[in-house]
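Analysis of the macromolecular model
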Amino acid sequence: MSTTTIDTLRFATAGSVDDGKSTLVGRLLHDSKSVLTDQLEAVQRVSADRGQDAPDLALLTDGLRAEREQGITIDVAYRYFATPRRRFILADTPGHVQYTRNMVTGASTAELAIVLIDARNGVLEQTLRHAAVAALLRVPHVVLAVNKMDLVGYEQAVFERIVEEFAGHAAELGLPSFTPIPVSALVGDNVVDRSAHMDWYEGPALLEFLENVPVGADPSDAPARFPVQYVIRDGEVRWYAGQLVSGSLRVGDRVTVHPSGEPSEIAGISVLGTEADAAYAPQSVSLRLADQRDVSRGDMITAGADAPVLTQDVRAAVCHLADRPLRVGDRVLLRHTTRTVKAVVRDLGGAAELTANDLGRITLRTAEPLALDDYAVSRRTGAFLVIDPADGATLTAGMADPG
């Protein structure tokens, strides 16, 4: 009997306030029959209490009480659903500029971002900000969902004008491509089923696109990166435990330990306590080297010619997450994979400081070298966090970019 592997797509929604993000997600869940009966009944009760004739599907994702009372999204609401073709993990992210950091959180692991636009309002400043975040985070696929088409008479000219305007900004923002889809989340046009109101549109409905868009490359095809998390002593033998975040390793492979640069060879691999000949990302494994090396938590074991850059000068695009500003000269901690080092802020791209939700550029000087990949090459080993050494609070999320 044959079996079919169903993959998973992680995606995030973003857009300006009242563009209908939560309604779109609610419609997606409702029309794909991914809502439990008791959930739908609860939404119907709340909607009726508000005097609404039809269920407010936005309530399926606006889970916080404060959100329901205000009718806005202020946190990242995660939902899980599946169709016969694919599993989905979605993050409904906030639209307000003061919650840009929440969008960064929701989109940081996404393989696709849906940027919504109200067809009546067109491209707004916050629309471009969310597109810039998607570009900054190197989200592989972006859908431009032009919503509320029912309120502009399903006019093709309105849709095409918005797509043309957005396209004019896309390249400037660093967004190489996007897929435009005209929808009405409230009515359900082109969300799960294709709309009879827009026969001029020949593309897929949103769910159809989500079911068929290519999911990211197999992490085991990338260069091998193994950040050491624990050192396990078994008598005279040392095993190094952690997650193989990319690539593959086999017994006998020649490897390099960073930041020391010392060469070695894989003598043993243990997966879930069982010896194996090979390991593949994203497995959690233990490795044994052929010789005794001074390897500790935070070191990285790599294989192959594509070695990471060993540097103490870190340049990156960032989103500042904390309420506390970040200034040139600040002494901070930089956490990269399992390694945490001291660092000082050398430059903020000409800015005097970064405040909450700011997007910008940063240059840091670290006390010890880091085995850092370009974020455009690896989202796992090219990302880092800037941390307040006083209380351990996260200050800034960084995406390494030597340019």
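Structure: above.
Basis of the calculations
- Residues numbered from 1 in each chain as written.
- Predicted model: local features only at pLDDT ≥ 70, side-chain atom pairs only at ≥ 80, totals over all residues.
- Heavy atoms only, no water.
- Helix = DSSP H or I, 4+ residues; strand = E, 2+ residues; numbered from the N terminus.
- Buried < 20%, exposed > 50% of the residue type's maximum accessible area, 1.4 Å probe, protein only.
- Contact = heavy atoms within 4.5 Å.
- Salt bridge = Lys/Arg side-chain N within 4 Å of Asp/Glu carboxyl O.
- Pairing = 2+ DSSP bridges.
- Axes fitted to C-alpha atoms, helices over the stretch in contact; angles between N-to-C directions.

1. Regarding the side chain of His-336
Checked against the element boundaries, His-336 lands in strand 19 (residues 331-336). You can call His-336 buried: its relative accessible area is 2%. Non-local contacts of His-336, meaning those with residues more than four positions away in its chain, are made with Met-300, Leu-370, Ala-371, Leu-372, Thr-381, Ala-383 and Phe-384.

2. Examining unusual backbone geometry
Following His-258, the chain continues to Pro-259 via a peptide bond in cis, the omega torsion being 15°. One can find Pro-259 in the loop between strand 11 (254-258) and strand 12 (262-271). Residue Ala-281 is joined to Pro-282 through a cis peptide bond whose omega torsion reads 5°. Residue Arg-138 is not a glycine yet carries a positive backbone phi of 55°. Looking at the secondary structure, you find Arg-138 in the loop between helix 5 (125-136) and strand 5 (141-147). What makes Arg-138 partly exposed here is its relative accessible area of 36%.

3. Observations regarding the side chain of Asp-373
With respect to the helices and strands, the residue Asp-373 is situated in the loop between strand 22 (359-372) and strand 23 (383-387). On the accessibility criterion, Asp-373 (8% relative accessible area) is buried.

4. Considering the pattern of salt bridges
A full pass over the atoms with the stated rule returns 15 salt bridges. The partner of Asp-118 in a salt bridge is Lys-148, and the shortest N-O contact between them spans 3.5 Å. Note that Asp-118 is positioned in strand 4 (residues 112-118) and Lys-148 in the loop between strand 5 and helix 6 (156-173), a separation of 30 residues in sequence. Owing to a relative accessible area of 18%, Lys-148 belongs among the buried residues under this scheme.

5. Details of the pairing of strand 11
Relative to strand 12, strand 11 runs antiparallel, the two being bridged by four bridges. Looking across to strand 12, one finds that Arg-254 is bridged to Glu-265. Linking two consecutive strands that pair antiparallel, namely strand 11 and strand 12, is a turn of three residues; a positive phi of about 80° is found at Gly-261 within it.

6. Looking at the sheet that holds strand 20 (residues 339-347)
The six strands are arranged 17-22-20-19-23-24 in a closed barrel whose pairing can be described as antiparallel. Looking at each pair of strands side by side, their axes are set apart by 40° on average, direction ignored. In this structure, strand 19 lies alongside strand 23, joined through three bridges in antiparallel fashion. If you follow Leu-334 over to strand 23, its bridge partner there is Val-386. Those strands touched by helix 5 are strand 17 (309-320), strand 22 and strand 24 (394-400), and its axis lies near 20° from that of strand 22.

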